[in-house]
Each structure stands twice: as C-alpha cells, then as structure tokens.
Amino acid sequence: MSKFFSSRVLPAKGGGDRDSEISTEKHHDDNEPGHLQAQDAKRQIGVTSATFLVVNRVIGTGIFATPGAILSLSGSVGLSLFMWVAGMLIAAAGTAVYLEFGTAIPQNGGEKNYLEFVYRKPKFLTTALYTGYVVLLGWASGNSVMFGEYILHAAQVEVDRWNQRGIGIACVTAAFLIHGTALKWGIRLQNLLGAIKVIIILIIVVAGWVALAGHLKLPEDKKPSNFTNAFEGTTGSAYGVVMALYNVIWSFVGYSNANYALSETKNPVRTLKIAAPLAITMISILYMFVNIAYFAAVPKEEILEARRLVAASLFRNVFGPTAERALSVFVALSAFGNVLSVIFSQGRLVQELGREGVLPFSRFWASNRPFNAPLAGLFEHWVISVIVILAPPPGDAYDFILNLISYPLAIVNAFVAAGLIYLYLNRKAWNWNPPISASLPVNIYKSLPYWIHCVVGFAIIFAGGVYWLIWAVILPKIGGYELVQETVVDDIDGWESRVFIKRPRA
C-alpha cells in the first residue's frame, strides 16, 4: 500500500475530518505470516495476464462494429481517421489517470476506491451512487449480443430479435460458469482469446496491405478509392462529430480493466506500470492500421451498408466468401473474450461491495466459495446482463446497450478525472505522492444520444442515491446506530477490506 494511504489511522471516535474515514485499524495483524501467505496465494495475475485483461476488455467488437457508424456520422474517410486519432489521445489520457490512482491505491475495486478517497461528503454517498452504477448496469450484454450476430452471420442464418439474443445469453452464461467455477482456467482462456484477437487484427492489417497493392476480388470499376479526396462529404454537423467521437471512445473502453483486480496481481504497482501502457499503446497502433485496412479494401458505400459487418466485407473482398464466414467466427471469439474479461472484473466489484457490507446479504456476495472465485458476484452481473439483453424493444439492441452504458461511464470517468485534478491542486494537504504521476489531466466528455439512454443512464446512478438515503441516513436514525468503516483482514484468504460496521449511538 502506498505511503500516503497507510499513514491514515481511524481515531477512537468517528470524526468529520479526512483521516477519520480512511481506516487502517485491523481486526488482525496483516503482517502475520499466515495472512501474508494467504494474500500471496491469491495473487495469480502477472504482467502477461494483466496486459490481456486490458486487451480483452478493450478489443471486443468495437473495432469491428463501429467503423461504419463512425464513417456515417463524420461523413468522410479523412475525418473518420482523425476521430480515431482523437480517441487514441483520450484513451492515453484516461490510462494515465487510472495508472496514477492504481499505483497509489493497489487494491481490488478500481474507480470505487478512487472516488471514495476523494469524495467523502456527504458521508458514504459516493459508495451508494457507485453501487447503483455497478449493480444495475449489464456491461457484458453488448458484446454478448454481438457474439450472437456474428455467429448467425457465419452460419448464414438470418438475424432476428430472439435468435441473436438467445445466443447472447448462452455466451454470457458460459463466461459466468467458467469464471465462477474454474478461476485459473478462466484466466488462461482469457489470455488465449486475447492472443487470438490480436492475431485476427494482424490478419486484417495484412489484408489491408494486400488491398493497397490492388489485389482485390472485385471488378476494376468497383475497387475502392477512399483515399482520393478523403475529406469529401465531411459533415458540418456538430452532432455528427460528437457522436462519431462517442463511438470511437466506446471502442477504447476498458483501459482501466487491470485496476479492478490489483489485490490478485503479483507486485501490483510494477505490473500495472508495465501492463496498462503496453496494452493501450499496442491497441492504438493496431486500431489505426485496421481502419486503414477497411478503407483500402471496402468501398465507402459498402462500409455504410455493411454497418457492423465491415470486417466481414473486408475478408470477402480480399479472400472470398469462405474467408468472410471464417472471419465472422473469429470476431465472435473476440466478443466472447471481451465478455469473459468484463464479467471477471464486474464480479469482483460486486464482491468488494459485499465485503464492505454495502449490499444486503453482504456475506453471500463477499464469498469466494465453493470454487475460490466470486461466484455470487458473477451471478449478480449475469442476471443483470440477461435482463439488459432481453429488455430492449425490437430493433437495434447493440446500439441501445452501447448508449445506455456509455452515459454512466462518462459521468464516472469525469468525476475520477476531476478528483485527480483536485488532488493535484491540494497535493500537500493530501500527501499525494504516488509512484506514477499522470500530470494535470483534462477530460472533456460530450454526448448527444437519444434522450431515453440519457434518462435511463442517470436513473441508474440516481437509484444509488435513493439507496444511500435509506441505507446510510434513514435506517441508522431509526435503528439508533451510525455507520463507520474499519479495515479487517479475512481469516481465510488474507484479503484486506474496509467494511461498514453498525456502531450504537452514545
């Protein structure tokens, strides 16, 4: 634990100052050999696995599914490519912010820890708001739906509302069972699928070079010329530009994924310092080459018509129809790898909320039994993901889920970045000296999707506020107690957690 964090001590009586809410008082001495051995036994994630946690989370279906929408919104090939460059810079800035927080507070939980550390008043409101964000959003649902669409395309079966979603449910169910019953094999499968999706992208890049050399299975008059007058048709609409950037940012979501499992990471500070920048740099370079490949192999009009199947169009134009079906299977595997990575992280966030006593029946959610994996936390995310997959009305489930999830995500990221700015401006008062410094971050979040996504997204976070009002304000007054936090070390697995305790009022 970092120097500034371990120096804070819980006083005998709860106070209102900063130190009173960050506790290092323990029920057991975490320096005992047994606890240290138990903690070390839980650390199974090294640099390779941490890198692939990020790679698997970021490279899902965004790079395969969004280029058509980005081109449509930006209006031209040139502006579309500039949108991807802007997305790279935003992702790099976001990675730096989470790298600084992660090396300062190397524990499971990700941004939950960072928001709680900075935003402490009203007491426990941040925890409750974040609880709504974690518990009510089905992060794994979007790529589960895309898995279904690409599998059906490979099988040459017409996609309808129910067959796509049915296969999507099978996808998220398989991910839940793998991570819930076989932790080590789940991590190994994630690494394997991470390697496969990088290979797929490299094949797409090579296919783009083949296309640039003129070797396409298209008549001469139908070969693309997208790089001639590349800015022709550029949109004059601010809405189009903002929405195009919005889709690009979605394709980079997940750069913070390794932060959620730092309690299970070997030498977490060193590992995160290597894995996060390595992963996002590799992904950014590959994304640019992939977009160039799309424009080299697929005419602009076909990209707009193909929508989320532009990668399949590339393979058909370069290698033929059989390769197109094979590529669809590979993209589906990429989506499955993303679902595995997402549910891995979200299950641990639910578990952390259980360990801290935030959720009702907290011992159930906190449990690692019976397979030494957060089965209950994974189950909660599975349930929500299934509901989100089935709930959207007939139409474009993927776009609905993308927009629904992106609003709360943008709010959380904005507050994380603002929190780091606040720490920079008050560095001495907070003794803020982490191993990595991101420099003063500037994050601008803009979004203008349909109102329903905005309303539902804000309602999810508002639900956390309602939970706070009941859990942290009304019930303590009725019950004659106050909520305080103490840091405890688990007798079984040696994990350190900050838990909520009900203390009778004097």
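Just so you know, these numbers come straight off a predicted model, no measurement behind them. (Residues numbered from 1 in each chain as written. Predicted model: local features only at pLDDT ≥ 70, side-chain atom pairs only at ≥ 80, totals over all residues. Heavy atoms only, no water.)

### Structural notes on the side chain of threonine 265
Reasoning step 1: By secondary structure assignment, the location of threonine 265 is in the loop between helix H13 (238-251) and helix H14 (268-297).
Reasoning step 2: Here alanine 261 takes part through its backbone oxygen, which lies 2.8 Å from a polar atom of the side chain of threonine 265. (Helix = DSSP H or I, 4+ residues; strand = E, 2+ residues; numbered from the N terminus. Polar contact = N/O pair within 3.5 Å; in protein donor to acceptor, adjacent residues only side chain to side chain.)

### A word on the packing of helix H6 (residues 67-74) against H13
Reasoning step 1: Viewed as axis vectors pointing N to C, H6 and H13 meet at an angle of 165 degrees, and their least axial separation amounts to 8 Å. With respect to H13, the axis of H6 lies roughly antiparallel. Between H6 and H13 lies a crossing of left-handed hand. Touching Ala69, Ile70, Leu73 and Ser74 of H6 are Gly240, Val241, Met243, Ala244, Asn247 and Val248, all from H13.
Reasoning step 2: Of the residues in the contact of H6 with H13, the class split is seven nonpolar, three polar and no charged. (Axes fitted to C-alpha atoms, helices over the stretch in contact; angles between N-to-C directions. Parallel < 35°, antiparallel > 145°, perpendicular 65-115°, else oblique. Left-handed = near helix turned anticlockwise from the far one by under 90°. Contact = heavy atoms within 4.5 Å. Nonpolar A, V, L, I, M, F, W, Y, C, P; charged D, E, K, R; others polar.)

### Concerning the packing of helix H7 (residues 77-104) against H14
Reasoning step 1: The geometry of H7 relative to H14 is characterised by a closest axis approach of 10 Å and an angle of 175 degrees between their N-to-C directions. Comparing the axis directions of H7 and H14 gives the class roughly antiparallel. Only Val269, Leu272, Lys273, Ala276, Pro277, Ile280, Ser284, Tyr287, Met288, Asn291 and Phe295 of H14 make contact with H7, whose side of the interface consists of Val77, Ser80, Leu81, Trp84, Val85, Met88, Ala91, Thr95, Tyr98, Leu99, Gly102 and Thr103.
Reasoning step 2: Its residues placed into classes, the contact of H7 with H14 shows 16 nonpolar, six polar and one charged.

### Observations regarding the nonpolar core
Reasoning step 1: If you look at the biggest cluster of nonpolar residues, it comprises 129 residues, and the most contacted ones within it are Phe64, Phe101, Ile204, Leu314 and Trp432.
Reasoning step 2: Element by element, the count of residues in this core is highest for H14, at 15 residues.
Reasoning step 3: Discounting chain neighbours no more than four positions away, the residues touching phenylalanine 101 are Tyr114, Val118, Val416, Gly419, Leu420, Leu423 and Trp432. (Core = buried A, V, L, I, M, F, W, Y, C linked by side-chain atoms within 4.5 Å. Buried < 20%, exposed > 50% of the residue type's maximum accessible area, 1.4 Å probe, protein only.)

### Looking at the packing of aromatic side chains
Reasoning step 1: Under the definition given, this model contains 21 aromatic pairs.
Reasoning step 2: Between the aromatic rings of tryptophan 84 and tyrosine 287, the centroid separation amounts to 5.6 Å while the plane-to-plane angle is 85 degrees, which identifies the pairing as edge-to-face. Within this pair, whereas tryptophan 84 is found in helix H7, its partner tyrosine 287 is found in helix H14, the two being separated by 203 residues in sequence.
Reasoning step 3: Taking the relative accessible area as the measure of exposure, tryptophan 84 reaches 0% and is therefore buried.
Reasoning step 4: Between phenylalanine 147 and phenylalanine 336, the aromatic rings sit 6.2 Å apart at their centres with planes inclined by 50 degrees, giving tilted as the arrangement. Residue phenylalanine 147 is located in helix H10 (residues 141-154), and its partner phenylalanine 336 is located in helix H17 (residues 321-355); the two are separated by 189 residues in the primary sequence.
Reasoning step 5: Accessibility expressed as a relative area gives 12% for phenylalanine 336, which makes it buried.
Reasoning step 6: Ring-pair connections join several aromatic residues into one group, and the members of that group are Tyr98, Phe101, Tyr114, Phe117, Tyr255, Tyr422, Trp430 and Trp432.
Reasoning step 7: The side chain of arginine 120 reaches across the aromatic face of phenylalanine 117, ending 4.7 Å from its centre. (Phe/Tyr/Trp six-rings, centres within 6.5 Å; stacked < 30°, edge-to-face > 60°. Lys NZ or Arg CZ within 6 Å of the ring centre and 35° of its normal.)

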